[in-house]
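This is what each chain is made of:
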Amino acid sequence: MSYLWKRTLLLTGATLLSTSIAYAQTPDLSDPPPIQGEVITENLGTHTIRVGLGLAETSPLYISTRYFGDILAERTEGRLTVNVFPNSQLGDDAQMMEMLQTGTLDMTIPSTSPATSYVQELAVFDLPFLLPTREAAIAVLESDVALGLLDKFEGTGIKAFAYHENGYRQLTNSVRPVESPDDVAGLDVSGLTIRTMENPVQLSIWQALGANPTPMAFGEVFSAMEQGVIDGQENPWSTILTSNFHEVQDYGSETRHVYTPFIIMMSERTWNRLDPAYQELVQQAAQEAAAYEIQLATEYDDWARGQLEARGMQITRLDDEQIAAFQAAVQPVYDQWAPRIGEDLIAEIQQIVESTMAE
Ligand code: KDG
């Protein structure tokens, strides 16, 4: 039974269970495009590709990765199959990328933020408010500038194929509503303790906002919030919903402070074991899965915010003036990090953003 049928049965069952409380598990998601392209009928070997992910089975990341597997299986008559392991069960992003280098894992799809330890220029995507609209973000991800950063994994033992969307990051916390940087810093009370991804630019953002930033692997975030070790975190609404953060977070703020991409990547040891025809297929399937994932992430975004509010999260929407206050507060992050990320790289991406916004 293909994943699509399994997903339909899973979601139907989940929806039936949840209709009594009017909660759905996912929005009414578009089905993936029909699988097209030449079927490789020659027996070029059989491989089971193990993929480790940090997010849950209901996430766009997981659903699109299963589609990636459906493409490989259908176009190789089942000789290439994919097993997907969600929920950080094989390790956190940093550990899974190390496992690609040693060949103990075949694929993973982390955010760009933890991948800056391999390609430091990827930190450009950690710069706050760099990509103001999804259209501009996608234009950047499809640009030669961004694709050139994927080539910089050469020599690390990791092969990077494509970007897709983690999404616009939003702040949640369990202490108080946040409308301004002052609410983060807590002028007459202590600053919020906010978990960040393990990335120095992310740390700088929340230091600039007066928080107490705590770098932490994604898989540890829920229990840290549940135990009160941290006050809050920041992730896209779909991640917050599918990871059930609303169970331990009362307040959300639509800051949209960073747009984070995901990177589809494979162990070079796995890649080198594949016949060239399979290698070409894997690259095609990664591109098709990436396009589908971006569509799913887009369909999820506002819907997930509504589901979080239906589940009791008090979400503060920020107006242009309030967003401008956050932008001003984090401007020093550009001054601090532009020299190390690359002024020219930042300028090239800002140019793509400006030309997209002008269209
Ligand atoms: O698999 C991806 C996740 O592990 C992680 O990258 C999600 O944005 C994320 C975070 O906050 O760590």
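Here the residue numbering is sequential within each chain, running from 1 through the sequence in written order. Note on the predicted model: pLDDT of at least 70 is required for a residue's local features to be given, and 80 or more for side-chain atom pairs to be given and counted; whole-chain, interface and lining totals, by contrast, use all residues. Computation of side-chain values: all heavy atoms of the structure, hydrogens and water removed.

**Details of the overall build of the protein**
Inclusion rule: A run of DSSP states H or I qualifies as a helix once it reaches four residues; a run of E qualifies as a strand once it reaches two. Both are numbered from the N-terminal end. All radius of gyration figures rest on C-alpha atoms, and the globule criterion is 2.2 Å times the number of residues raised to 0.38. Burial here depends on accessible area, computed with a 1.4 Å probe over protein chains only, as a share of the maximum for the residue type. Under 20% is buried, over 50% is exposed, and the range in between is partly exposed. With residues, only the protein chains shown are counted as cover, and all accessible areas are computed by Shrake-Rupley using a 1.4 Å probe. By the counting scheme adopted, Arg and Lys are positive, Glu and Asp are negative, and His together with the chain ends is not counted. By convention, the point assigned to a charge is CZ for Arg, NZ for Lys, CD for Glu and CG for Asp.
Of the regular secondary structure elements, the protein holds 14 helices and 11 strands. What you see for the protein is a C-alpha radius of gyration of 20 Å, in line with the 21 Å of a compact globule of 359 residues. Along the first, second and third principal axes, the C-alpha atoms of the protein reach 70 × 55 × 40 Å. Taking all 359 residues of the protein together, the buried fraction comes to 57%. For the protein, the accessible area works out to roughly 14,800 Å², and carbon and sulfur atoms hold 48% of it. Charge separation in the protein, taken as the distance between the mean sites of 19 positive and 50 negative side-chain charges, equals 7 Å.

**Observations concerning the site of the ligand**
The test is simple: Any residue with a heavy atom positioned within 4 Å of a molecule or strand is treated as near that molecule or strand. In the analysis that follows, any N or O atom pair within 3.5 Å is treated as a polar contact, provided that within protein one partner can donate a hydrogen and the other can accept it, and provided that, for residues neighboring in sequence, both atoms belong to side chains. Definitions used for this entry: grid spacing 1 Å over protein atoms alone; cavity, a set of points where a 1.4 Å probe fits but cannot get out; pocket, an open set with protein on both sides within 12 Å along at least 5 of 7 lines; lining residue, one with an atom within 4 Å of a point. Whether a molecule lies in a cavity or pocket depends on its atoms, and more than half of them have to be within 2 Å of the grid points. Polarity classes work like this: nonpolar for Ala, Val, Leu, Ile, Met, Phe, Trp, Tyr, Cys and Pro, charged for Asp, Glu, Lys and Arg, and polar for all others, with Gly in that last group. Residue ranges for the domains trace back to a domain assignment, done automatically or taken from a database.
Every residue close to the ligand is listed here: Gly 54, Leu 61, Asp 93, Ile 109, Ser 111, Asn 166, Arg 169, Arg 195, Met 197, Phe 218, Asn 235 and Phe 262. Between the ligand and the protein, one listed contact pairs an oxygen atom with a side-chain N or O atom of Asn 166 at 2.8 Å. Between the ligand and Arg 169, the relevant distance is 2.8 Å, taken from an oxygen atom to a side-chain nitrogen or oxygen of the residue. In isolation the ligand has 330 Å² of accessible area, and contact with the protein removes 98% of it. Spatially, the ligand is embedded in the largest cavity. Residue composition of the shell around the ligand, grouped by class: 5 nonpolar, 4 polar and 3 charged. Each of domain 1 (3-119 + 138-165 + 261-302) and domain 2 (170-258 + 307-358) contributes no fewer than three residues to the shell around the ligand.

**Notes on helix H14 (residues 343-358)**
To keep it simple, the criterion reads: Given the number of residues in a helix, its expected span is that number minus one, multiplied by 1.5 Å. The reported arc concerns the directions from the helix axis to the C-beta atoms and nothing else.
With 16 residues, H14 should cover 22 Å at 1.5 Å per step; its first-to-last C-alpha distance of 22 Å lies within 8% of that length. Three or more residues of H14 are buried, namely Leu 345, Ile 346, Ile 349, Ile 352, Val 353 and Thr 356. For H14, the arc enclosing every buried residue in end-on projection is 125 degrees, short of the 170-degree limit, so these residues lie on one face. Of the residues in H14, the exposed ones pointing more than 90 degrees away from the buried face are Asp 344 and Ala 358.

**Topic: the pattern of salt bridges**
The line we're drawing: Salt bridge, as used here, is a side-chain nitrogen of Lys or Arg placed within 4 Å of a carboxyl oxygen of Asp or Glu.
In total, this model carries 9 salt bridges according to the counting rule given. For Asp 301, the salt bridge identified is with Arg 134, shortest N-O distance 3.2 Å. Of this pair, Asp 301 sits in helix H12 (residues 276-310) while Arg 134 sits in helix H5 (residues 134-141), and the two are 167 residues apart along the sequence. Exposure class is identical for Asp 301 and Arg 134. Each is buried.

**Side note on unusual backbone geometry**
Even without being a glycine, Glu 77 presents a positive backbone phi close to 55 degrees. Positioned with a positive phi, Asn 244 is a non-glycine residue whose angle comes to about 60 degrees. Mapping Asn 244 onto the fold places it in the loop between helix H10 (237-242) and strand E9 (251-254).

**Let's talk about the layout of surface pockets**
Definition in use: Grid points are joined across faces, edges and corners, and a volume is the space filled by probe spheres set on the points.
Roughly 230 Å³ of volume is contained in the largest pocket. Of the residues forming the lining of the largest pocket, the biggest block, 4 residues, is contributed by strand E4 (residues 158-168). For the lining of the largest pocket, the per-class residue count stands at 7 nonpolar, 2 polar and 4 charged.

**Section: the pairing of strand E8 (residues 232-235)**
To be explicit about the condition: For two strands to count as paired, DSSP must find a minimum of two bridges between them.
Side chains Gly 232 and Glu 234 of E8 all project onto a buried face; the interleaved residues Gln 233 and Asn 235 project onto the opposite face, where all are buried too. Two strands pair when backbone bridges link them, and strand E5 (residues 170-173) and E8 are joined in this way by 4 bridges, in the antiparallel orientation. Bridge pairing in E8 links Asn 173 to Gly 232.

**Quick notes on the confidence of the model for the protein**
Heads up, the rule is: Looking at any residue, its pLDDT shows the predictor's confidence there, from 0 to 100. Residues count as neighbours in contact if any of their non-hydrogen atoms are within 4.5 Å of one another.
Averaged over every residue, the pLDDT of the protein is 94; residues scoring 70 or more account for 94%. With pLDDT under 50 throughout, residues 9-20 is counted as low confidence; its partners more than four residues away or in other chains account for 7 contacts.

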